[in-house]
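The residues making up each chain are set out below.
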Amino acid sequence: MSTTEALWPELPYRSWRDTVVTLQLWTQIVGKVRLALTPWLNHSWHVPLYVTSRGLGTSAIPAGQEILEMEFDFIAHRLEVRTSLGGERLLVLAPRSVAEFYRELMSQLRELGIGVSIHEMPHEVADPVPFPDDDSHRSYDAAAAHAFWRVLIQADRIFKQFRSGFLGKVSPVHFFWGSFDLAVTRFSGRGAPPHPGGIPGLPDAVTREAYSHEVSSAGFWPGSDAFPAAAFYSYAYPEPVGFRDRVVTAGAYFDEKLGEFILPYEAVRRAADPESLVLDFLATTYEAAADTARWDRLQLECRPGVPGRVRPL
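First, a word on scope: everything that follows refers to the structure included in this document. (Residues numbered from 1 in each chain as written. Predicted model: local features only at pLDDT ≥ 70, side-chain atom pairs only at ≥ 80, totals over all residues. Heavy atoms only, no water.)

A few words now on the overall build of the chain. When you go through the chain residue by residue, the secondary structure sums to eight helices and twelve strands. Its C-alpha radius of gyration of 20 Å places the chain within 12% of the 20 Å reference for a compact globule of 313 residues. Across its three principal axes, the chain shows a C-alpha extent of roughly 55 × 45 × 45 Å. Scored against the burial criterion, the 313 residues of the chain give a buried share of 50%. Across the chain, the fraction of contacts at a sequence separation of at least 24, relative to all contacts at a separation of at least 6, is 61%. (Helix = DSSP H or I, 4+ residues; strand = E, 2+ residues; numbered from the N terminus. Rg over C-alpha atoms; globule rule 2.2 N^0.38 Å. Buried < 20%, exposed > 50% of the residue type's maximum accessible area, 1.4 Å probe, protein only. Contact = heavy atoms within 4.5 Å.)

Our focus in this paragraph is the pairing of strand E10 (residues 231-237). Across the seven residues that make up E10, a large majority, seven, are buried. Where burial is concerned, the two faces of E10 agree: the one with Ala231, Tyr233, Tyr235 and Tyr237 and the one with Phe232, Ser234 and Ala236 are both buried. Here strand E9 (residues 213-221) runs beside E10; their pairing, made up of seven bridges, is antiparallel. Within E10, the position partnered with Ser216 by the bridge is Ala236. (Pairing = 2+ DSSP bridges.)

Aromatic ring pairs are described here by two measures, namely the spacing of the ring centres and the angle between the planes. Under the definition given, this model contains 27 aromatic pairs. Where Trp8 meets Tyr265, the ring centres are 6.2 Å apart and the plane angle is 45°; that geometry is what we call tilted. With Trp8 in the loop between helix H1 (3-7) and helix H2 (17-37) and Tyr265 in helix H6 (residues 265-270), this residue pair connects regions lying 257 residues apart in the sequence. In this structure, Trp8 and Tyr265 share a single accessibility class: buried. Their ring planes at 80° and their centres at 5.1 Å tell us that Phe175 and Phe180 sit as a pair that is edge-to-face. Taken individually, Phe175 and Phe180 each receive the classification buried, so the pair is uniform in this respect. Among the aromatic residues, those joined into a ring-pair cluster are Tyr211, Trp221, Phe227, Tyr233, Tyr235 and Tyr237. Above the ring of Phe162, the side-chain terminus of Arg186 is found at 3.8 Å from the ring centroid. (Phe/Tyr/Trp six-rings, centres within 6.5 Å; stacked < 30°, edge-to-face > 60°. Lys NZ or Arg CZ within 6 Å of the ring centre and 35° of its normal.)

Attention now moves to the side chain of Glu260. Here Glu260 is to be found in strand E12 (residues 260-264). Although Glu260 is buried, it makes no salt bridge; Arg244 carries the closest opposite charge, 11 Å away. (Lys, Arg positive; Asp, Glu negative; His and termini not counted. Salt bridge = Lys/Arg side-chain N within 4 Å of Asp/Glu carboxyl O.)

In this structure, Pro238 follows Tyr237 across a cis peptide bond, with omega equal to -10°. Summarising the element assignment, Pro238 is placed in the loop between E10 and strand E11 (253-255). Of note, Ser59 is a non-glycine position whose phi angle comes to about 70°, a positive value. For Ser59, the position within the fold is in the loop between strand E2 (55-57) and strand E3 (61-63). At Arg294, a position not held by glycine, the phi torsion is positive, near 60°. Mapped onto the fold, Arg294 is located in the loop between helix H7 (274-292) and helix H8 (297-300). With relative accessibility at 70%, the residue Arg294 sits in the exposed group.

The packing of two helices is summarised by the inter-axis angle and the distance between the axes. At their nearest, the axes of H2 and helix H3 (residues 98-111) sit 10 Å apart, and the two run at 25° to each other. For the element pair H2 / H3, the angle class is roughly parallel. As H2 packs across H3, the resulting crossing turns out to be right-handed. Contacts from Leu25, Trp26, Ile29, Val30 and Val33 of H2 reach H3 at Val98, Phe101, Tyr102, Leu105 and Leu109. Classifying every residue of the contact of H2 with H3 by side-chain character gives ten nonpolar, no polar and no charged. (Axes fitted to C-alpha atoms, helices over the stretch in contact; angles between N-to-C directions. Parallel < 35°, antiparallel > 145°, perpendicular 65-115°, else oblique. Left-handed = near helix turned anticlockwise from the far one by under 90°. Nonpolar A, V, L, I, M, F, W, Y, C, P; charged D, E, K, R; others polar.)

What follows covers the pattern of salt bridges. Close approach of charged atoms allows side chains of opposite charge to pair. Evaluation of the coordinates by the stated rule reveals 21 salt bridges. Taking the shortest distance from any N to any O, the salt bridge between Arg54 and Asp73 comes out at 2.5 Å. Taken together, the residues Arg54 in the loop between strand E1 (50-51) and E2 and Asp73 in strand E4 (residues 66-73) connect sequence positions 19 residues apart. Using a relative accessible area of 0% as the deciding quantity, one classes Asp73 as buried. The closest approach of N and O atoms between Arg157 and Glu275, which form a salt bridge, is 3.0 Å. Note that Arg157 is positioned in helix H4 (residues 142-163) and Glu275 in helix H7, a separation of 118 residues in sequence. Through salt bridges with shared partners, a single ionic network connects Glu69, Glu71, Arg78, Glu80 and Arg82.

Another aspect to go through is H3. If you check H3, its first and last C-alpha atoms are 20 Å apart, about what 14 residues at 1.5 Å a residue would give, namely 20 Å. For H3, the complete set of buried residues consists of Val98, Ala99, Phe101, Tyr102, Leu105, Met106, Gln108 and Leu109. The inward-facing, buried residues of H3 abut H2, E4, strand E5 (78-83) and strand E6 (88-92). Two residues or fewer after H3 comes Gly113, characterised by a positive phi angle close to 85°. (Expected span 1.5 Å × (residues − 1).)

What follows is the structure, given as structure tokens:
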């Protein structure tokens, strides 16, 4: 296996589609536990998961006066549930229904002394079925899940490099289990008009709070039935006049249906320098948003960070 294949493995959506759907629902159950126990943070930043050295984790979740932490391990293929009192449970990641996953996890949490109830209806998915009733989604392709995580490692690393070149408000690099994507968002500092809402399964109040301020947002997602291919994306809210007409990275294009710039993952895999291509996509699409919306770029931007070196003033 070449270095490129190891870092940027194949990820054809249709070949692991059933696993994508099941895994998205499993991550929603875990994410909703974090949502139920964590104080609300601006733009729903209290709900995502984070890329870890073994998969996707919640980070520390308040559980009374203690801490709960959960991590999807895509090396050993298990969900690890840990508390600050030393309690630990393991839930094997294997073909099993969403209903079974839900029942077992909630049972494990009760055994660890954590009483929590979650909203049992999935968000942002087609034809949602309450978790306790979903016996149809039960696929788990371990190799595909591992490959997906390997791509997330590279995307997370590159997004963090891109994030370091901004002095203004910028989100962490985080994985949203509702939309099932890794994202990073820059803010102009200005408020935005109320979002129209209408995202399936997501209350409009949540959407409007998330988009309360003007943003340029970019991310990576594995694809969906509506867009069956892995891709990097970038969009602006509100979309400035002229944004979609800007020339960006070669190989990227504006998708009229999605309302976003798209850089196909396959184009990244085939590139001579995948990292440089992704960084250029992030930079040129951000510039498209910032220039057409007249952001104060001089006050908001800085040189990208260098490990171990203080930012020059």
